[in-house]
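Coordinate inspection notes
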Amino acid sequence: MQASIYQLANSGVQKLIPYQAGKPISELERELGLTEIIKLASNENPLGPSEKVKQTIQDNLGELSRYPDGNGFALKAALAEKWQVTAEQITLGNGSNEILELLARAFLSTESEVIFSQHAFAVYPIVTQSVGAVAKVIPAVEYGHDLAAMLAAITDNTRLIFIANPNNPTGTYLSEQALAAFLEALPEQVICVLDEAYFEYVAAADYPHSVAWLTQYPNLIITRTFSKAYGLAGLRVGYGLSSPEMADILNRVRQPFNNNALALAAAEVALHDEEYLQATVALNNAGMLQLTAAFTDMGLSWIPSVGNFVSVDLQREAAGINTALLHKGVIVRPVANYEMPNHLRISIGTQAENDFFIKVLQSVLADV
Ligand SMILES: *Cc1c(COP(=O)(O)O)cnc(C)c1O
């Protein structure tokens, strides 16, 4: 009986490999009895949640017996004002990952094909396979998306194309010009999911102002999150910006109370906390310089990244080095499951965390 229950799952699910999350600090503490541990593994904000957000959560504790606002009225109004869209164009998700899942459930069947890039975000194959659709993985070019090859892979069955801009775990990005040409060439029965989980960090002048494209392309959806730059990964809030029609479709498959009350309240406050966002970006820029300078000193190369993380090339299998780092209290992210066995992805931390990581990496590399 035990073995056969797997055969009852749909065939896509049978072949799924579960998402590997960064190891929680508490788990490493338990396993190795270490006291000093730093985690630079899940692209979280090293500043922690802002004081304003913490106060808001305190203020809202008394209402927890009530269901949250299922339509997220206040948060949608704040987002609509900030991005100059209408509330009808916004879909709120339990993290932006939920938006990706809603897209799969709303638009895919077992006949559908989904296109995404090699080395792209691990959630794309999960949502694709979980509904039994077929994933077409397009080889990357210099760790970035090959948009021409992605277009060329479209068939009559293609329904979704996932594009991460910037991409995780490579940190590569696509320019306004490249993406504009791609959208122009995209057949209208194919939905483009532009995943901008890290867009707040990007300063590049040629990074797209994608929201402006929404009026032109009803088959475009942009996804963003409060998990990264806004420091709210533990609360789970993300959103989609799209045509009202696409949002209406996603709203049909959405659970009625998918965002909890504290998350809705906190996200609204976080969105207005410009100071926190600026401090976040400044810390990230400094940390990126700190880490990449150290890599240069160590003779290591890395993939240039516009996100809050950087993937460093260890020029050998990274698994053993990762284990050695763990034993010295450093949690980073191996990316072998992204077909990058020689890289480790490091989330940018505080200056002290980055220092600690650099020292430990130096000592581990000296031992091999
Ligand atoms: C972190 C991340 C997300 C979103 O995560 P949520 O916490 O679910 O909002 C989405 N896309 C990419 C590429 C990411 O790295």
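In this report, we go over the structure that sits alongside the text. (Residues numbered from 1 in each chain as written. Predicted model: local features only at pLDDT ≥ 70, side-chain atom pairs only at ≥ 80, totals over all residues. Heavy atoms only, no water.)

Under the criterion given, the structure shown has one cavity of 30 Å³ or more. The space that makes up the largest cavity amounts to roughly 30 Å³. Class assignment for the residues of the lining of the largest cavity results in four nonpolar, four polar and no charged. (1 Å grid on protein atoms, 1.4 Å probe; cavity = no way out; pocket = protein on both sides within 12 Å on 5 of 7 lines; lining within 4 Å. Points joined across faces, edges and corners; volume = space filled by probe spheres on them. Nonpolar A, V, L, I, M, F, W, Y, C, P; charged D, E, K, R; others polar.)

On to a nonpolar patch on the surface. On the surface, a cluster of nonpolar side chains totalling about 400 Å² of accessible area is made up of I5, Y6 and L8. By secondary structure assignment, the location of I5 is in helix α1 (residues 5-8). (Patch = residues over 30% accessible without salt bridge, like charges linked within 9 Å, V, L, I, M, F, W, Y side chains within 5 Å. Areas by Shrake-Rupley, 256 points an atom, 1.4 Å probe, with all protein chains shown as cover. Salt bridge = Lys/Arg side-chain N within 4 Å of Asp/Glu carboxyl O. Helix = DSSP H or I, 4+ residues; strand = E, 2+ residues; numbered from the N terminus.)

Around the ligand lies a shell formed by G95, S96, N97, F121, N168, D195, A197, Y198, T225, S227, K228 and R236. In this structure, S96 approaches the ligand through a main-chain N or O atom, which is 2.7 Å from an oxygen atom. Side-chain polar atom of N168 to an oxygen atom of the ligand: 2.7 Å apart, as the coordinates give it. Out of a free accessible area of 390 Å², the ligand has 94% covered by protein chains. Structurally, the ligand is housed in the largest pocket. The class makeup of the residues in the shell around the ligand is three nonpolar, six polar and three charged. (Near = heavy atom within 4 Å. Polar contact = N/O pair within 3.5 Å; in protein donor to acceptor, adjacent residues only side chain to side chain. Sits in = over half its atoms within 2 Å of the grid points.)

Packing of helix α5 (residues 73-83) against helix α11 (residues 261-272) leaves a shortest axis separation of 9 Å and a crossing angle of 20°. Regarding the angle of α5 to α11, the classification is roughly parallel. The two elements α5 and α11 meet at a crossing, and its hand is left-handed. Listed contacts from α11 to A74, L75, A78, L79 and K82 of α5 are L264, A267, E268, L271 and H272. When grouped by side-chain class, the residues that make up the contact of α5 with α11 number seven nonpolar, one polar and two charged. (Axes fitted to C-alpha atoms, helices over the stretch in contact; angles between N-to-C directions. Parallel < 35°, antiparallel > 145°, perpendicular 65-115°, else oblique. Left-handed = near helix turned anticlockwise from the far one by under 90°. Contact = heavy atoms within 4.5 Å.)

In this section: the nonpolar core. The biggest cluster of nonpolar side chains holds 55 residues, and the ones touching the most others in it are L79, I161, I163, F182, L220, F226 and L241. Looking at which element gives the most residues to this core, the answer is α11, with seven residues. Here this core gathers at least three residues from each of two domains, domain 1 (2-48 + 275-366) and domain 2 (65-272). Beyond its immediate chain neighbours, meaning those up to four positions away, L79 contacts Q84, I90, L92, F226, Y239 and L271. Membership of the second largest hydrophobic core comes to 28 residues, among which are L102, A133, L250 and M340. (Core = buried A, V, L, I, M, F, W, Y, C linked by side-chain atoms within 4.5 Å. Buried < 20%, exposed > 50% of the residue type's maximum accessible area, 1.4 Å probe, protein only. Domains from an automatic or database assignment.)

Note that every value here comes from positions in space, so none of it alone points to a role or purpose.
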